Amino acid sequence: MTQLSFINPPGLYDPRPNGYSHVVVAEAPARLIYIAGQGGENADGVLSEDFGTQVRQALDNLRTALNGAGAGLANVAKLTVLIVDHSEERLRIFGGALSAAWGDNPAPACTLIPVPRLALDGMLFEIEATALR
């Protein structure tokens with residue numbers, strides 16, 4: 001049985017409003033699941049021009065990918081997020097969507113990387129995950 005412990009040590013700022021935890025410890029033998037970067041395109045490959053819409057779709061895509069491996073958001077230990085033309089406004093949109101997705105559950109560790117461009121024209125957001133099951 002995999003046990004994830006989410007830790008926000010004293011002496012570090014509270015990351016929860018931005019939708020993540022500073023430290024996640026995984027204990028026990030587990031099956032590691034690596035989810036490739038999920039963008040904001042729908043199942044038909046359509047990509048909205050709106051950043052918030054891409055974030056919500058990418059999180060839906062992440063859930064679908066996790067479900068395909070028999071996992072869910074609660075199994076995610078670490079996220080890596082890529083944002084084109086990162087700004088405080090985009091962080092607020094992303095952080096709000098992440099907080100809404102995880103709800104009252106502890107959020108995973110997360111690294112946000114501002115980038116000038118992603119794989120597809122018009123792609124503004126990408127999220128990858130490492131999960132344990």
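Quantities reported herein were computed from a predicted structural model and do not represent experimental measurements.

1. Section: the sheet that holds strand β3 (residues 32-39)
Pairing in this open sheet of four strands is mixed, and the strands run β3-β6-β4-β5 from one edge to the other. Looking at the sheet topology across the chains shown, the edges are occupied by β3 and β5 (109-115). The average angle at which neighbouring strand axes cross in this sheet is 10°, direction not considered. Bridge count for strand β4 (residues 76-84) against β5 is seven bridges, and the pairing is parallel. Paired with Val84 across the two strands is Val115, which belongs to β5.

2. A word on the side chain of Ser21
Relative to the assigned elements, Ser21 resides in the loop between β1 (3-7) and β2 (23-27). Residue classification places Ser21 among the buried residues on the basis of a relative accessible area of 4%. A distance of 2.5 Å separates the side chain of Ser21 from the backbone oxygen of Ala107, its partner in a polar contact. Setting aside anything within four residues of it in sequence, one finds Ser21 in contact with Phe6, Ile7, Asn8, Pro15, Ala107, Pro108, Ala109 and Cys110.

3. Re unusual backbone geometry
Of note in the backbone geometry, Asp85 takes a positive phi value of approximately 50° without being a glycine. Of note, Asp85 is situated in the loop between β4 and α2 (88-102).

4. Concerning the packing of aromatic side chains
Evaluated as defined, the whole model comprises two aromatic pairs. Measuring from centroid to centroid gives 6.0 Å for Phe51 and Phe125, while their planes differ by 85°, and the two rings are edge-to-face. In this pair, Phe51 is assigned in helix α1 (residues 51-68) and Phe125 in strand β6 (residues 125-132), connecting sequence segments 74 residues apart. An identical accessibility class is assigned to Phe51 and Phe125; each is buried. Centre to centre, the rings of Phe94 and Phe125 are 5.5 Å apart; their planes meet at 45°, and the pair counts as tilted. With Phe94 in helix α2 and Phe125 in strand β6, the pair connects residues that are 31 residues apart, well separated along the chain.

5. Details of the nonpolar core
Counting 32 residues, the largest nonpolar core has Leu62, Leu66, Leu79, Phe94, Phe125 and Ile127 as its most contacted members. Of all the secondary structure elements, the ones that give two or more residues to this core are β3, α1, β4, α2, β5 and β6. Per-element tally for this core: the top contributor is α1, with six residues.

6. Things to note about the layout of surface pockets
Approximately 160 Å³ is the volume found for the largest pocket. Lining the largest pocket are 14 residues, with Arg16, Ser21, Asn105, Pro106 and Ala107 sitting closest to its centre. Of all the elements, α2 adds the most residues to the lining of the largest pocket, at three residues. Broken down by class, the residue content of the lining of the largest pocket amounts to six nonpolar, six polar and two charged.

Rules behind the numbers
- Residues numbered from 1 in each chain as written.
- Predicted model: local features only at pLDDT ≥ 70, side-chain atom pairs only at ≥ 80, totals over all residues.
- Heavy atoms only, no water.
- Pairing = 2+ DSSP bridges.
- Helix = DSSP H or I, 4+ residues; strand = E, 2+ residues; numbered from the N terminus.
- Axes fitted to C-alpha atoms, helices over the stretch in contact; angles between N-to-C directions.
- Buried < 20%, exposed > 50% of the residue type's maximum accessible area, 1.4 Å probe, protein only.
- Polar contact = N/O pair within 3.5 Å; in protein donor to acceptor, adjacent residues only side chain to side chain.
- Contact = heavy atoms within 4.5 Å.
- Phe/Tyr/Trp six-rings, centres within 6.5 Å; stacked < 30°, edge-to-face > 60°.
- Core = buried A, V, L, I, M, F, W, Y, C linked by side-chain atoms within 4.5 Å.
- 1 Å grid on protein atoms, 1.4 Å probe; cavity = no way out; pocket = protein on both sides within 12 Å on 5 of 7 lines; lining within 4 Å.
- Points joined across faces, edges and corners; volume = space filled by probe spheres on them.
- Nonpolar A, V, L, I, M, F, W, Y, C, P; charged D, E, K, R; others polar.

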